[in-house]
Amino acid sequence: MKKALRGITVVTDKICYYVSYFSMAVAILMAIILTVDVILRKVTGGVVSVKGAYEITQMALCTFVFSTWAYTQSVHGHIAVTMFISKMPQKLRFFFFSLTSLLSVATMAFGTYAAFVQIGAVKATGESTANLLIPYWPFYIFEFVALALLTIVLFRDAIKAIIAIFDKEMADEIQQFWE
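This structure is a prediction, so every number in the text was calculated from the model and none was measured.

Caption draft 1: The overall build of the chain, seen in detail. A count of helical and extended segments in the chain gives five helices and zero strands. Reading the secondary structure of the chain in the N-to-C direction produces α-α-α-α-α. Against the globule reference of 16 Å for 179 residues, the chain gives a C-alpha radius of gyration of 21 Å, more extended than a compact globule. Its C-alpha atoms give the chain principal-axis dimensions of about 65 × 40 × 30 Å. Residue burial in the chain is summarised as follows: out of 179 residues, 33% are buried. As displayed, the chain offers around 10,900 Å² of accessible surface, 73% of which is attributable to carbon and sulfur atoms.

Caption draft 2: Inspection of the layout of surface pockets at higher detail. Approximately 640 Å³ is the volume attributed to the largest pocket. Considering the residues around the largest pocket, the lining is formed by 22 residues, among which Gln73, Ile79, Ala80, Phe97 and Ser101 are closest to the centre. Those elements that provide at least two residues to the lining of the largest pocket are helix 3 (90–125), helix 4 (137–166) and helix 5 (168–175). Residue contributions to the lining of the largest pocket peak at six residues, all from helix 3.

Caption draft 3: Structural view of the nonpolar core. The biggest cluster of nonpolar side chains holds 13 residues, and the ones touching the most others in it are Cys16, Ala70, Met108, Leu147, Leu150 and Leu154. Elements that contribute at least two residues to this core include exactly helix 2 (53–74), helix 3 and helix 4. It is helix 4 that provides the largest number of residues to this core, a total of seven residues. In terms of nonpolar packing, the next biggest core, distinct from the first, is built from 12 residues, Leu5, Ile165, Ala171 and Trp178 among them.

Caption draft 4: Layout of the environment of Ala115. Of note, Ala115 is situated in helix 3. Relative accessible area serves as the criterion here: at 3%, Ala115 is assigned to the buried category. Distance in space between the C-alpha atoms of Ala115 and Phe139 is 10.0 Å, their sequence separation being 24 residues. Excluding residues within four positions of it along the chain, Ala115 makes contact with Tyr140, Glu143, Phe144 and Leu147.

Caption draft 5: Structural context of a nonpolar patch on the surface. A contiguous nonpolar surface patch, about 440 Å² in accessible area, is contributed by Tyr17, Tyr18, Tyr21 and Met24. Note that Tyr17 resides in helix 1 (residues 2–44).

Caption draft 6: Helix 2, seen in detail. The terminal C-alpha atoms of helix 2 lie 32 Å apart, and with 22 residues this matches the ideal 32 Å at 1.5 Å per residue to within 8%. If you follow the buried residues of helix 2, they end up packed against helix 1 and helix 4. Just downstream of helix 2 lies His76, where phi reads positive at about 60°.

Caption draft 7: Geometry of the packing of helix 2 against helix 4. The N-to-C vectors of helix 2 and helix 4 enclose an angle of 10°; their axes lie 9 Å apart at closest approach. The orientation of helix 2 relative to helix 4 falls into the category roughly parallel. The segment helix 2 lies against helix 4, with Met59, Thr63, Phe66, Ser67, Trp69, Ala70, Gln73 and Ser74 engaging Phe139, Phe142, Glu143, Ala146, Leu147, Leu149, Leu150, Val153, Leu154, Arg156 and Asp157. Residue composition of the contact of helix 2 with helix 4, by class: 12 nonpolar, four polar and three charged.

Caption draft 8: Seen up close, the packing of aromatic side chains. Scanning all chains against the criterion turns up nine aromatic pairs. Geometrically, the ring pair formed by Phe66 and Trp69 is edge-to-face, given 4.9 Å between the ring centres and 65° between the ring planes. With Phe66 and Trp69 both in helix 2 and three residues apart, this pair spans about one turn of that helix. The exposure class of Phe66 is buried, given its relative accessible area of 17%. Classification of Trp69 by relative accessible area gives partly exposed; the value is 30%.

The rules we used
Residues numbered from 1 in each chain as written. Predicted model: local features only at pLDDT ≥ 70, side-chain atom pairs only at ≥ 80, totals over all residues. Heavy atoms only, no water. Helix = DSSP H or I, 4+ residues; strand = E, 2+ residues; numbered from the N terminus. Rg over C-alpha atoms; globule rule 2.2 N^0.38 Å. Buried < 20%, exposed > 50% of the residue type's maximum accessible area, 1.4 Å probe, protein only. Areas by Shrake-Rupley, 256 points an atom, 1.4 Å probe, with all protein chains shown as cover. 1 Å grid on protein atoms, 1.4 Å probe; cavity = no way out; pocket = protein on both sides within 12 Å on 5 of 7 lines; lining within 4 Å. Points joined across faces, edges and corners; volume = space filled by probe spheres on them. Core = buried A, V, L, I, M, F, W, Y, C linked by side-chain atoms within 4.5 Å. Contact = heavy atoms within 4.5 Å. Patch = residues over 30% accessible without salt bridge, like charges linked within 9 Å, V, L, I, M, F, W, Y side chains within 5 Å. Salt bridge = Lys/Arg side-chain N within 4 Å of Asp/Glu carboxyl O. Expected span 1.5 Å × (residues − 1). Axes fitted to C-alpha atoms, helices over the stretch in contact; angles between N-to-C directions. Parallel < 35°, antiparallel > 145°, perpendicular 65-115°, else oblique. Nonpolar A, V, L, I, M, F, W, Y, C, P; charged D, E, K, R; others polar. Phe/Tyr/Trp six-rings, centres within 6.5 Å; stacked < 30°, edge-to-face > 60°.

Here you go:
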C-alpha cells in the first residue's frame, strides 16, 4: 500500500510541477501585456493601448490562481496550523489530522463539481467578455481540471494521514512539514 502511495505521489507531484510551469508562463504573459499597455498609454498620452488588456489579464489571472493550488499542496506550502494536535499522542494527532484532511477533500470535491456544472451553464448561455468576446467556458474547464488535481492531491495526503495513525514512519514523514 505504501509503495503504491509513493508511486501515486511521484506521478501527482510531477503533474503539479508541470502545471506550475503553465502558471509561470501565464504570469509572464500577464506582465508583458500590462507592461506594453502601460508603455503605450504613457507614450501616446492615453490614445493607444492594448485592446482588451483588462479582459485578457482577468482571464489569465483565473488560470494563474487555480493552477498554483495543487502545486503548493504537493510541496506542502499551504499553512497547516498544528499547534494543538502536535501535542497529542500519535494516534489521536493523526486521527484529527485525517478528519481535517478529509474535510478539505470534501470541500474541494464540491468546488470541483461546481466548476464542472458551471462549464455547462456558461457554455449554454454563451457568456463572454465585453470587448474581445472571449468565451468564459474554456477558463471554467481549466478551473475544473485544476480543482480536480488539487482534490486528488488532497485525497492522497488524507490517505497518508490515515496511514500515519498506525504507522510511525508515515507519521514522521508528514510531521517533517509541520515545523
